[in-house]
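As a plain string of letters, each chain reads:
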Amino acid sequence: MAQCETCGNEYDRPMTISVGGKSHVFDCFECAIHMLAPSCKHCGCRIIGHGVQSGGDMFCCAPCAGHEGAAGLADRA
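Bear in mind that the values here come from a model prediction, so they are computed numbers and not experimental data. Residue positions are given per chain, counting from 1 as you read along its sequence in written order. With pLDDT at 70 or above as the cut-off, local features in this predicted model cover only qualifying residues; side-chain atom pairs require 80 or more to be listed or tallied, and sums for whole chains, interfaces and linings still use all residues. Think of the side-chain values as coming from all heavy atoms in the structure, minus any hydrogens and water.

As a further point, take the side chain of His-24. Numbered from the N terminus, helices here are DSSP runs of H or I no shorter than four residues, and strands are runs of E no shorter than two. Assignment of secondary structure puts His-24 in strand β4 (residues 22–26). Here the term buried applies to any residue with accessible area under 20% of the maximum for its type, exposed to any over 50%, and partly exposed to those in between, with areas from a 1.4 Å probe on protein chains only. His-24 gets classed as buried once you look at its relative accessible area, which sits at 10%. Within the structure, His-24 has its side chain in polar contact with the side chain of Glu-5 (distance 3.0 Å). If near-sequence neighbours (up to four positions away) are discounted, His-24 is found in contact with Glu-5, Met-15, Thr-16, Ile-17, Met-35 and Leu-36. Counting of polar contacts relies on pairs of N or O atoms within 3.5 Å, with two restrictions inside protein: one atom must be capable of donating a hydrogen and the other of accepting it, and residues adjacent in sequence are counted only when both atoms are side-chain atoms. Here, residues are in contact when the closest pair of their heavy atoms is within 4.5 Å.

With 5 bridges joining them, strand β3 (residues 15–19) and β4 adopt antiparallel strand pairing. Considered in β4, the bridge of Ser-18 is made with Ser-23. Here β3 hands over to β4 after 2 residues, with Gly-20 in that stretch at a positive phi of 60°. Any two strands with at least two DSSP bridges between them are considered paired.

Okay, here's the thing in structure tokens:
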């Protein structure tokens, strides 16, 4: 049994996700997203799609980026 790094649940079929040379163990995608997905600088939601970037900042969508002063960004369709 392995223990989920996010919620602490012990699970007999965990998933291991490697990011930047470090491995993480989770019991579900929800826990993996909570720990590993970046957050939107404006609204704080987890970015699980493409999102947009301006400089070093990440946003869930172009409108959120615009609220933070980023110009010329469009959502990918």
